[in-house]
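Read off the chains here:
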Amino acid sequence: GQQLNQSPQSMFIQEGEDVSMNCTSSSIFNTWLWYKQDPGEGPVLLIALYKAGELTSNGRLTAQFGITRKDSFLNISASIPSDVGIYFCAGSKYGGATNKLIFGTGTLLAVQP
Amino acid sequence: DAGVIQSPRHEVTEMGQEVTLRCKPISGHDYLFWYRQTMMRGLELLIYFNNNVPIDDSGMPEDRFSAKMPNASFSTLKIQPSEPRDSAVYFCASRGLDRAGANVLTFGAGSRLTVL
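Residues numbered from 1 in each chain as written. Chains lettered and ligands numbered in written order. Predicted model: local features only at pLDDT ≥ 70, side-chain atom pairs only at ≥ 80, totals over all residues. Heavy atoms only, no water.

Undergrad: Looking at this model, I keep getting lost on the overall build of chain A. Mind explaining?
TA: Along its length, chain A carries zero helices and eleven strands. Whereas a compact globule of 113 residues would reach a radius of gyration of roughly 13 Å, chain A reaches 13 Å, a difference of no more than 12%. Considering only C-alpha atoms, chain A reaches an extent of 40 × 25 × 20 Å along its principal axes. Burial analysis of chain A (113 residues in total) assigns 43% to the buried set. (Helix = DSSP H or I, 4+ residues; strand = E, 2+ residues; numbered from the N terminus. Rg over C-alpha atoms; globule rule 2.2 N^0.38 Å. Buried < 20%, exposed > 50% of the residue type's maximum accessible area, 1.4 Å probe, protein only.)

In structure tokens, the structure reads:
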């Protein structure tokens, strides 16, 4: 099935550093979501974006819905060890209701204490 | 709320055997989704239900896969007969309104299936 292109594939950083990852698509999406998955668990929603240009924060996390509707980015400031995990972007072409989400390929984040 | 409950968490079976995965969605959520996660293909939507009715099963790989939702609190995903390429983590997710009134998709912890 279709997947969103997510980059980077993996990041190995020091505690306290800022992190940035993004997601791109060849198609327009009307909803962008960012999830985090811990080992052995299901993805957990971090941030939801519903309008082009929208910038939303959740604690140290900030995500933006690209103006072109074909991309989104997630920033994590002052990373801590518990930020370790796989981050997924997800998009829906249908807006509002997220019935048919397409997931990105994931970004593995490792944080060195 | 206990969240989305899936069972079993791990299943190892032999090729040709029937596999049944179970899911209890969050009470009050009217949508239920089954996803499959593999290294090669990532997270893929298999099928989803609205008010217990299957709406879109276009992601179900083949006739060996079937899903049912007999009531609002229970769903099954069945593979019969199973094949090694079915090995994956299968996630159930349910969707409903959170306290802020936003539609939120909540995943279970997944069922890791290994078919030998």
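Undergrad: So what exactly am I meant to see when it comes to the sheet that holds strand β1 (residues 5-7) of chain B here?
TA: All names here are of chain B. Reading across the sheet, the four strands line up as β1-β3-β8-β7 and stay open at both edges, with antiparallel pairing between neighbours. Either end of the sheet is taken by a strand with one partner, and the two such strands are β1 and β7 (65-71). With direction set aside, neighbouring strand axes in the sheet form an average angle of 15°. Of the pairings in the sheet, the one linking strand β3 (residues 19-24) to strand β8 (residues 74-79) comprises five bridges and is antiparallel in character. The residue of β8 that forms the bridge with Thr20 is Lys78. (Pairing = 2+ DSSP bridges. Axes fitted to C-alpha atoms, helices over the stretch in contact; angles between N-to-C directions.)

Undergrad: Just checking my understanding: could you explain the interface of chain B and chain A for this structure?
TA: When the parts come together, some accessible area is lost, and that loss is often what is quoted as the size of the interface. Contacts between the two partners involve 22 residues from chain B, matched on the other side by 17 residues from chain A. Together chain B and chain A conceal approximately 1500 Å² of surface at their shared face, both sides included; 47% is due to carbon and sulfur atoms. Contact with chain A buries area across many residues of chain B, yet Leu43, Leu105 and Phe107 of chain B alone supply 28% of it, more than any other trio. Counting residues per element, the side of chain B that touches chain A draws most heavily on strand β5 (residues 42-50) of chain B, which supplies five residues. In terms of residue class, the side of chain B that touches chain A is built from twelve nonpolar, five polar and five charged. (Contact = heavy atoms within 4.5 Å. Buried area = accessible area lost by both parts, 1.4 Å probe. Nonpolar A, V, L, I, M, F, W, Y, C, P; charged D, E, K, R; others polar.)

Undergrad: Sorry if this is basic, but what is going on with the sheet that holds strand β7 (residues 61-65) of chain A here?
TA: By way of backbone hydrogen bonds, the strands of a sheet pair with one another, either parallel or antiparallel. Residues and elements named next belong to chain A. What the five strands build is an open sheet, ordered β1-β3-β8-β7-β6; its pairing is antiparallel. Edge positions in the open sheet fall to β1 (5-7) and β6 (55-58), since each of these has one partner strand only. Averaged over all pairs of adjacent strands, the angle between their axes in this sheet comes to 15°, without regard to strand direction. Pairing analysis gives five bridges linking β7 to strand β8 (residues 71-76), with the strands arranged antiparallel. The residue bridging Phe65 from the neighbouring strand is Ser72, located in β8.

Undergrad: Could you clarify how one ought to interpret the pairing of β8 of chain B in this entry?
TA: It is a general feature of regular strands that their side chains alternate between the two faces of the sheet. Residues and elements named next belong to chain B. Sheet analysis places β7 next to β8, joined by five bridges and oriented antiparallel. When the bridges of β8 are listed, Phe65 appears paired with Ile79. Hairpin connection of β7 to β8: two residues between the antiparallel strands.

Undergrad: Would you mind showing me how to read the nonpolar core here?
TA: Looking at soluble globular proteins, one finds that nonpolar side chains tend to be buried together. Counting 22 residues, the largest nonpolar core has Trp32, Trp34, Leu74 and Leu109 of chain A as its most contacted members. Contributions of two or more residues to this core are made by β2 (10-14), β3 (19-24), β4 (31-37), β5 (44-49), β7, β8, β9 (85-92) and β11 (107-112) of chain A. Counting residues in each nonpolar core, the second largest holds 21 residues, with Val4, Leu21, Leu77 and Ala88 of chain B among its members. (Core = buried A, V, L, I, M, F, W, Y, C linked by side-chain atoms within 4.5 Å.)

Undergrad: Where do I start with the state of the cysteines in this structure?
TA: Formally, a disulfide is one covalent bond, and it connects the sulfur atom of one cysteine to the sulfur atom of another. Applying the stated criterion across every chain yields a total of two disulfides over all chains. Shown here is the disulfide that connects Cys23 of chain A with Cys89 of chain A, its sulfur atoms set 1.7 Å apart. A residue pair is termed long-range when its members are at least 10 positions apart, and Cys23 of chain A in strand β3 and Cys89 of chain A in strand β9 qualify at 66 residues. An identical accessibility class is assigned to Cys23 of chain A and Cys89 of chain A; each is buried. Between Cys23 of chain B and Cys92 of chain B runs a disulfide, and the two sulfur atoms are separated by 1.9 Å. Here the disulfide of Cys23 of chain B and Cys92 of chain B is left-handed, its torsion about the S-S bond being about -70°. Here the residue Cys23 of chain B occupies a position in strand β3, and Cys92 of chain B occupies one in strand β9 (residues 88-97), the gap between them amounting to 69 residues. Grouping residues by exposure puts Cys23 of chain B and Cys92 of chain B together as buried. (Disulfide = S-S within 2.5 Å.)

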